[in-house]
Amino acid sequence: MTLPLPTSLSPSKVSSFKDCALAFRYSAIDRLPEPPSPWAAKGTLVHRALELLFWEEAPGDRTIEAALQKLDRARQEILGGEEFGALGLTEAEEAEFVEDAGLLVRNYFELEDPNRIRVIGTELRLEAQLGTLTLRGIIDRLELDDDGELVVTDYKTGKAPWAAQEQSRLGGVHFYAFLCERLLGRRPARVQLLHLREPLAISTVPSAQSVRGLEVRARAIWSAVELACEREDFRPRPSYLCDYCAFKDYCPAWGGDPSRVPVREPAEVGATVPA
C-alpha cells in the first residue's frame with residue numbers, strides 16, 4: 001500500500017519536507033490537526049493590517065497612525081475569528097501580543113515609504129503546473145517599480161536569517177518569481193523579503209538561471225515526495241524545530257507512536273491541502 005500524494009507543493013510545504021519529512025507527512029498527507037500558533041496569528045495580523053493600509057488609504061495617507069488603526073481592525077478580525085480564537089490569550093497576554101504586532105507595523109515604515117508603492121495585488125493566490133506537480137503560492141504583495149517592472153514582496157514577522165541562511169530563505173520568493181513568469185508572462189525585476197522584527201530588507205534579482213534552478217529543485221523535491229509515498233518512508237529529522245512541532249506524540253524520535261496516527265477516510269484523500 002502506498003500513501004496518497006499531496007495535491008500540491010507550496011514554499012512552506014517544500015521547506016517542511018526539507019526540514020523534516022515525517023512532519024511533512026503528518027501535515028500534508030495525514031492532515032493531522034495542528035493547534036493555533038501565536039506566531040502564525042501575529043503574522044496574519046500584521047499582514048492583514050498592511051493589506052488594509054494599501055487598499056483603503058491613498059498614497060499620501062499611508063501613515064503610521066493609519067496603519068495602527070488598520071491593525072486594530074485586523075485584531076478584531078483575526079483574534080476574534082474561528083482559527084485563532086482558540087489561542088486562549090488572557091486580556092494581559094492579548095494586550096502584549098497586539099503591542100508587539102504594533103512594533104512590527106512601526107518597523108515596516110523604517111524599510112520603505114508605503115506612499116511610493118504602486119500595488120497591483122496583495123495576498124495573491126497563484127498556481128501553475130510543472131508536469132504532474134501543481135505549484136501553489138500566496139504572494140504577500142505584487143507591485144510595479146518606477147520603471148513599470150514587477151516586484152514581489154514577502155513580509156516576515158519572525159527573526160531574520162543568519163547571513164548563511166539568506167539564500168535559502170529567498171527560495172520562497174524565487175518560487176513566486178517562477179509563478180509570475182508562468183502565469184503573467186513576466187519575470188519580476190526584483191524579489192524581496194521585508195523582515196519586520198529587526199527591521200531588515202533582503203532582496204535579489206531573479207534570472208533565467210535562478211528560475212530554472214527553482215524548477216529543477218521543485219521537480220527533485222516532488223520526486224522525493226513521490227518515492228517516500230511509494231515506500232511509505234518518511235523519516236524524522238530532529239532539530240530545534242522540534243520545539244515547535246505539534247506531532248511529537250506520533251514521532252519515534254520523541255518516543256511517539258506512528259501507529260496512533262488516525263487513518264484518513266477515502267473521501268478525504270483528494271481534499272485540497274492549504275498552501
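For the structure, see preceding data.
What comes next concerns the included structure. The numbering scheme is per chain: residues are counted from 1 as the chain's sequence reads. The predicted origin of the model limits local features to residues at a pLDDT of at least 70 and limits the giving and counting of side-chain atom pairs to 80 or more, whereas totals for whole chains, interfaces and linings rest on all residues. Calculation of side-chain values draws on the structure's entire complement of heavy atoms; hydrogens and water are dropped beforehand.

### Structural notes on the overall build of the protein chain
The helix and strand tally for the protein chain stands at eight helices and five strands. Helices and strands appear in the protein chain in the N-to-C order α-α-α-α-α-β-β-β-α-α-β-β-α. Radius of gyration (C-alpha) of the protein chain: 20 Å, near the 19 Å computed for a compact globule of 275 residues. Over its C-alpha atoms, taken along the principal directions, the protein chain stretches across nearly 60 × 50 × 40 Å. Throughout this description, buried means an accessible area under 20% of the type-specific maximum (1.4 Å probe, protein chains only), exposed means over 50%, and partly exposed covers the range between. The 275 residues of the protein chain split such that 44% are buried. Restricting to contacts in the protein chain with at least 6 residues of sequence separation, those with at least 24 account for 68%. Just so you know, the count uses Lys and Arg for positive and Asp and Glu for negative, and it drops His and the chain ends. A single reference atom marks each charge: NZ on Lys, CZ on Arg, CG on Asp, CD on Glu. With 33 positive and 43 negative side-chain charges, the protein chain shows a separation of 5 Å between the mean positions of the two kinds. Only runs of H or I of at least four residues qualify as helices and only runs of E of at least two qualify as strands under DSSP, and these elements are numbered from the N terminus. Each radius of gyration is computed over the set of C-alpha atoms, and the globule rule expresses the reference value as 2.2 Å times the number of residues to the power 0.38. Note on contacts: a residue pair qualifies if any of its non-hydrogen atoms lie within 4.5 Å across the two residues.

### Some details on unusual backbone geometry
The peptide bond linking E198 to P199 adopts the cis configuration, its omega dihedral lying at -15°. Assignment of secondary structure puts P199 in the loop between β4 (190-195) and β5 (200-204). Notably, E123 is not glycine yet its phi reads approximately 50°, a positive angle. With respect to the helices, strands and loops of the structure, E123 is situated in strand β1 (residues 118-130).

### Side note on a nonpolar patch on the surface
Surface patches are defined over residues having more than 30% relative accessible area and no salt bridge, joining like charges when they lie within 9 Å and nonpolar side chains (Val, Leu, Ile, Met, Phe, Trp, Tyr) when within 5 Å. Accessible surface area values rest on a Shrake-Rupley calculation with a 1.4 Å probe, where residue burial reflects the displayed protein chains alone. One speaks of a salt bridge when a side-chain nitrogen belonging to Lys or Arg is within 4 Å of a carboxyl oxygen belonging to Asp or Glu. Among the surface-exposed residues, W39, Y240, L241 and Y244 lie close enough to one another that they form a single nonpolar patch of about 520 Å² accessible area. As for its placement among the helices and strands, Y244 is situated in the segment after α8 (208-231).

### A look at the environment of R212
Mapped onto the fold, R212 is located in helix α8. Taking the relative accessible area as the measure of exposure, R212 reaches 48% and is therefore partly exposed. The sequence separation of R212 and H174 amounts to 38 residues, and the corresponding C-alpha distance is 9.9 Å.

### Overview of helix α4 (residues 64-79)
Expected helix span is computed as 1.5 Å times (number of residues minus one). The end-to-end C-alpha separation of α4 is 21 Å, in line with the 22 Å expected for 16 residues at 1.5 Å each. Looking at α4, one finds that the buried residues are A66, A67, K70, L71, A74, I78 and L79. Contacts from the buried residues of α4 go to α3 (38-56) and α5 (91-111).

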